[in-house]
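# Remarks on the overall topology
Each chain, written out:
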Amino acid sequence: EPEVTQTPSHQVTQMGQEVILRCVPISNHLYFYWYRQILGQKVEFLVSFYNNEISEKSEIFDDQFSVERPDGSNFTLKIRSTKLEDSAMYFCASSEETGQVVLPQHFGDGTRLSIL
Amino acid sequence: KQEVTQIPAALSVPEGENLVLNCSFTDSAIYNLQWFRQDPGKGLTSLLLIQSSQREQTSGRLNASLDKSSGRSTLYIAASQPGDSATYLCAARDNYGQNFVFGPGTRLSVLP
């Protein structure tokens, strides 16, 4: 069964450094998402992406964050200048939505980001 | 703003028991609701998706129901097995946007 893949599985970065998290969504999916989960807390929505642009973003997704689909397969989340509070598990998800039919979001296994 | 809660926070049952997990949401104008399973240190596995026009969905031993008017969804697990041990999350997507609002999850332990 096709799956969403994320790399790396664990990223350790010094505070203030830039980090890029990578995701390969399922190939025929059109919508892409990033979520994060701080240890012991709820999963939180960050951003959704469709047709090469952001379709929705949360309050968490400030100017330090950006997303990009640099080619036909990858979907990336960049954090420009990391802070300690960015430490979390980051999940990528994708879904196939056609017209009125809404299909489930499929999640990757996540990237654990640790900011030192 | 949509808020999603789940009770109980944790549940421990003997193998073979039928059980119900509860999910509540504050804004009944939801587009759909999805149930996920999360194993420790892992991502989310989609279990069932219920559209706003549906009352329930079934997959194997799992049955999810949706009552928009009362702001509730339940996940019923029949004949529980130790392999069902995980955290179960519900997430509601409202009519206004793309994102899911997640509940805090119910941590289920099925004892052999």
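The written sequence of each chain sets the order in which its residues are numbered from 1. Lettering for chains starts from A, numbering for ligands starts from 1, and both go in the order in which the items are written. Restriction of local features to residues with pLDDT of at least 70 applies here, the model being predicted, together with a cutoff of 80 or more for giving and counting side-chain atom pairs; totals for whole chains, interfaces and linings are based on all residues. To obtain the side-chain values, all non-hydrogen atoms of the structure were included, while hydrogens and water were left out.

### Notes on the pairing of strand S7 (residues 62-67) of chain B
Note on strand geometry: in a regular strand, side chains alternate between the two faces of the sheet. Residue and element names in this part refer to chain B. For two strands to be treated as a pair, DSSP must find at least two bridges joining them. Helix and strand definitions follow DSSP, with helices as H or I runs of at least four residues and strands as E runs of at least two, each counted in order from the N terminus. Here 4 bridges tie strand S6 (residues 56-59) to S7, and the two strands are oriented antiparallel to one another. The residue bridging Glu-56 from the neighbouring strand is Ser-65, located in S7. The turn linking S6 back onto S7 is made up of 2 residues, and Gly-60 within it adopts a positive phi angle of 60 degrees. What sits between the antiparallel neighbours S7 and strand S8 (residues 72-77) is a turn of 4 residues, in which Gly-71 has the positive phi angle 70 degrees.

### Overview of the state of the cysteines
Two cysteines joined by a covalent bond between their sulfur atoms form a disulfide. Pairs of cysteine sulfur atoms within 2.5 Å are what we label disulfides. Counted by the stated rule, this structure contains 2 disulfides over all chains. A disulfide bridge connects Cys23(A) with Cys92(A), and the sulfur atoms are separated by 1.9 Å. Of note, the bridge from Cys23(A) to Cys92(A) carries an S-S torsion of about -65 degrees and is left-handed in sense. One end of the pair, Cys23(A), is in strand S3 (residues 19-24); the other, Cys92(A), is in strand S9 (residues 88-95), with 69 residues separating them in the sequence. For every residue, the accessible area obtained with a 1.4 Å probe (protein chains only) is divided by the maximum for its type, and the residue is called buried under 20%, exposed over 50%, and partly exposed between those limits. Given a relative accessible area of 0%, Cys92(A) falls into the buried group. Between the sulfur of Cys23(B) and that of Cys90(B) lies a disulfide, 2.0 Å long from S to S. One quick way to see it: the torsion about the S-S bond of Cys23(B) and Cys90(B) is about 80 degrees, and its sign makes the bridge right-handed.

### Quick word on the pattern of salt bridges
Residue and element names in this part refer to chain B. The salt bridge criterion pairs a side-chain nitrogen of Lys or Arg with a carboxyl oxygen of Asp or Glu, the two atoms within 4 Å. Inspection of the entire model under this criterion finds 3 salt bridges over all chains. Between Asp-39 and Arg-37 there is a salt bridge; the shortest N-O distance is 3.0 Å. Residue Asp-39 is classed as partly exposed on the basis of its relative accessible area, which comes to 25%. Judged by relative accessible area, which is 17%, Arg-37 ranks as buried.

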